[in-house]
Structures are given as structure tokens and as C-alpha cells.
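# Structural features, examined
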Amino acid sequence: MDAAIEVADLRKTYRGRRTGEVRAVDGVSFRVERGEFFGILGPNGAGKTTTLEIVEGLRRPDSGTVRLLGRSPWPHSPELTRRLGVQLQASSFFEFLTAREQIETFAALYGATKARAAEMLDLVGLAEHANVRCEKLSGGQQQRLSIACALVGDPELVFLDEPTAALDPQARRNLWDLMRGISAAGRTVVLTTHYMEEAEALCDRVAIMDAGRIKAVDSPAGFIRSLDAPTRVTVAAGQLADERVKELAADEAFAVDDGTVVFETRDPRRLLTALAVDGAMDGLAVRTANLEDVFLHVTGREWRG
Ligand SMILES: Nc1ncnc2c1ncn2[C@@H]1O[C@H](COP(=O)(O)OP(=O)(O)OP(=O)(O)O)[C@@H](O)[C@H]1O
């Protein structure tokens, strides 16, 4: 079967009078398999939105090719469009329509029923707000409505551009559950995000993007494994005598800051067992590597998502 998405050597340069030339997308290639949950992770301005818009067929690249479900998005074909769900920015809503009217408009475009539209409103928790005009919905509610609109046609391939941006933590978790549900239903999902923990929690594979380029693609676990980073164990001040710190550290690195001791160990079990025996667990913190460390490793820059 064809891949869900095949992208080869995309390039896009914006030219502005004030900004000069901006190489927003600078030779991007990747492949997404059917049923995959694929993330594009990068800081603001990395080129995620431009890449997504090109892949969705909303923007033409200067060069490079895109294949969606085995076909080119150009010229537009209604047959292909109907199989895609694109989360448009909430600002593209008709503000005078109610949430129900808005999603029913989308449903009509996709050939979906009003019952399906109502079901989607319910799925994103907006059933009670069906009669509220879009302009009166909160930012989070508009975001959820835009996702419902993207899903109403029951698309095979769903594109979500920073769907949880500007949501409070609870609303973000709810949306995560919703996205997991879409993926579990066998849909291919492509998500852009600048939240590390979101990519880590949801994606099968993640492309790390910076300055218009994809620097690396792997599963979150694969990325972290390949770092081969030590576990960092922080022991609160006053828990260990200086001599004991040296004993425990043996040949591992440690640092002391204001009495707080930080061990870096490749054998956390040994160290944690010893700390438990010493009764030095109060205020203990254990940190393993995460995608933030991966970003630093892959791009050579601190994460400033
Ligand atoms: N229409 C445009 N005209 C000129 N420059 C643009 C345009 N759209 C984006 N850019 C520039 O291209 C670069 C990539 O932007 P893009 O929006 O694709 O990145 P992003 O990773 O999605 O960032 P964000 O998370 O801020 O949306 C940025 O430097 C941005 O300022």
C-alpha cells in the first residue's frame, strides 16, 4: 500500500520587504506510514506550519514533491480532499455562525450528515454550546470546534497544527485523549507542536525541525535511548555527609550546589538502593533524559519552545 504521506526535498522561501529572504522550509523530506501518529516538533518559526500547509496542499512549495495517499495534492481533487481532515485556524470560522451551523457547513462540504456533525460536537465536549456563535466561544472551545470540523468527514488522514496551543492543562489533556482516540480508530495523524511532552506522550515518531530543516526522525523512546544519557539523581541538602557523597559517587559524576547533591549515574538502581538504606530519600528527585535533551543533542541548541 502507498504511504500516507511521502514528501521529498520541499523548499519554500518567503520574500518580504522588511524581513528579506526567509528560508522557511529548506530541503524537507519524510514519510508517514498509514495509521501512524507522526509529530513535527520544533520551536516557533522552525517552519512547521509552512511544511504542513504545503503537505496539506494549501500552499505551493518552490520545489519538491508531495504525495498524499499515493496522489499529488495538485491539482486539487475533491476525491482526495474528502479523505483529508485539515484543522484550520479558528480565525477562519464564520463568526456569525453558531458552532452547530459551522460544523454542519463543513459536514455538507464533506458529504457527512447532520447527525455526524452533532456527534462530533459531542465528542469534543461542545454539545452544550451548539447554539453559541463562534465569536462568543472561548479560545479553547474554538480550538476544539476546529478539530471537530476536521474530523466530521471521517478522514483517513488528519492534520492538526498546534491544536493544544493556548489551552489550559486540563483542556490540553482532554484533547490528548481525543487525539489518541482518533489514532486508535486507525486514522493517520500528523501533528505539529512545540510542546515536548505532547510529542512524547502522543507520537509514534517525531521529526525534530529547526530553522527550516528536519534534523532527525525517530520514536520518542528511540531518540532517548540513542542519547545514552545518565540518570540524574538530586538529593536534598542535609541528607548526606560529604564523605558519604564521595563514597556513593564512586566513579560517577556529582556536583554540589547549596548543599544539594546531584549525581549522574548509569546505574540508578544501585544508587537509589543505597540512598534508601541511608534514609536519604526526603526531597529526592530522579530525572531521566527527555526530548528536551534530545533537541539539544540534535540541534546543538537549548530548547526555547
Ligand atoms: N506568509 C509569510 N510571509 C513571510 N514570512 C513568513 C510567512 N509565514 C511564515 N513566515 C516565516 O517563515 C518562518 C517559518 O514560519 P512557520 O510559521 O512555518 O514556522 P512554525 O514552526 O510553524 O512557527 P510557529 O510555531 O510560530 O507557527 C518564520 O521565520 C516565519 O516568520
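Every residue gets a number counted from 1 within its own chain, in the order that chain's sequence is written. The predicted nature of this model means local features are confined to residues of pLDDT at least 70 and side-chain atom pairs, given and counted, to a pLDDT of 80 or more, with totals for whole chains, interfaces and linings taken over all residues.

Now for the overall build of the protein. Helix and strand assignments come from DSSP, with helices taken as H or I runs of at least 4 residues and strands as E runs of at least 2, each series counted from the N terminus. Within the protein, the regular secondary structure consists of 11 helices and 13 strands. Counting only C-alpha atoms, the protein reaches 75 × 45 × 45 Å along its principal axes. Expressed as a percentage of the 305 residues in the protein, the buried residues total 36%. Contacts here follow a simple rule: the backbone-placed C-beta atoms of the two residues must lie within 7 Å. The long-range share in the protein, meaning contacts at least 24 apart out of those at least 6 apart in sequence, stands at 68%. Counting other C-beta atoms within 10 Å of a residue's own tells you its class, since 20 or more makes it buried, 12 or fewer makes it exposed, and anything in between is partly exposed; those C-beta atoms are placed from the backbone.

Reports of interface size often rely on the accessible area that becomes lost once the parts have come together. Domain ranges listed in this record stem from an automatic or a database domain assignment. Taken domain by domain, the protein comprises domain 1 (1-83 + 156-222), domain 2 (88-153) and domain 3 (230-288). Distance between the C-alpha centres of domain 1 and domain 3: 41 Å.

Our next topic: the sheet that holds strand β6 (residues 157-161). What links the strands of a sheet is backbone hydrogen bonding, and the strands pair in either a parallel or an antiparallel sense. When DSSP finds two or more bridges between a pair of strands, those strands are recorded as paired. One open sheet holds the six strands; their spatial order is β5-β6-β7-β3-β8-β9, and the pairing between them is mixed. At either end of the open sheet lies a strand with only one pairing partner, and these are β5 (84-86) and β9 (213-218). Mean inter-strand twist for the sheet, computed between neighbouring axes without regard to direction, equals 15 degrees. In this structure, β5 lies alongside β6, joined through three bridges in parallel fashion. Bridged to Leu84 within β6 is Leu157. Note on method: axes are straight lines fitted to C-alpha atoms, helices fitted across the in-contact stretch only, with angles between N-to-C directions ranging 0 to 180 degrees.

Attention shifts here to the packing of helix α3 (residues 99-110) against helix α5 (residues 139-151). For the pair α3 and α5, interaxial distance at closest approach is 8 Å and the crossing angle is 25 degrees. As summarised for this structure, α3 and α5 are arranged roughly parallel, according to the angle between their axes. Here α3 runs over α5; the crossing is right-handed. Each of Ala99, Gln102, Ile103 and Phe106 in α3 lies in contact with α5, whose residues at this interface are Leu145, Ala148 and Cys149. For this classification, under 35 degrees means roughly parallel, over 145 means roughly antiparallel, 65 to 115 means roughly perpendicular, and everything else is oblique. We call a crossing left-handed when the near helix sits turned anticlockwise from the far one by less than a right angle, and right-handed when that turn is clockwise.

Once that is clear, we can look at the confidence of the model for the protein. Any segment with low pLDDT has predicted coordinates that should not be analysed in fine detail. The predictor reports its confidence for every residue as pLDDT, a score running from 0 up to 100. On average, residues of the protein score 90 in pLDDT, and 98% of them are at 70 or above. Confidence, read as mean pLDDT per element, is least for strand β11 (residues 253-257) in the protein (75) and greatest for strand β3 (residues 37-41) (97). Model confidence for the complex: the whole-complex pTM is 0.84, and ipTM, which rates the interface, is 0.94.

We call a residue near a molecule or strand when its C-beta atom, built from the backbone, sits within 6 Å of it. In the region of the ligand, 14 residues are neighbours, and Tyr14, Ala24, Lys48, Thr49 and Thr50 sit closest. Elements supplying a minimum of two residues to the shell around the ligand: β1 (5-16), β2 (20-32) and α1 (48-56). The leading source of residues in the shell around the ligand is α1, at three residues. Taken together, the residues that form the shell around the ligand break down as four nonpolar, nine polar and one charged. When residues are grouped by polarity, Ala, Val, Leu, Ile, Met, Phe, Trp, Tyr, Cys and Pro land in nonpolar, Asp, Glu, Lys and Arg in charged, and all others, Gly among them, in polar.

With that out of the way, let us pick up unusual backbone geometry. Residues other than glycine predominantly adopt negative phi, and peptide bonds predominantly adopt the trans conformation. A cis amide bond links Trp74 with the next residue in sequence, Pro75, at an omega value of -10 degrees. In this structure, Leu69 is a non-glycine residue whose phi angle is positive, near 50 degrees. Within the secondary structure, Leu69 sits in the loop between β4 (63-68) and α2 (78-81). Its identity as a non-glycine residue notwithstanding, Asp154 has a phi of 50 degrees, on the positive side.

Every other side chain in a regular strand lies on the same face of the sheet, so the side chains alternate between the two faces. When strand β8 (residues 205-210) meets β9, the two strands line up antiparallel, connected through five bridges. Bridged to Ala207 within β9 is Val217. Taking the residues between adjacent antiparallel strands as the criterion, β8 and β9 are bridged by two residues, where Ala211 takes a positive phi near 50 degrees.

Turning to the environment of Ala221, a few remarks are in order. Following the sequence through the fold, Ala221 ends up in helix α8 (residues 220-227). In this structure Ala221 comes out as exposed when scored by C-beta crowding, with 9 C-beta atoms within 10 Å. For the pair formed by Ala221 and Ser92, sequence separation is 129 residues and the distance between their alpha carbons is 36 Å.

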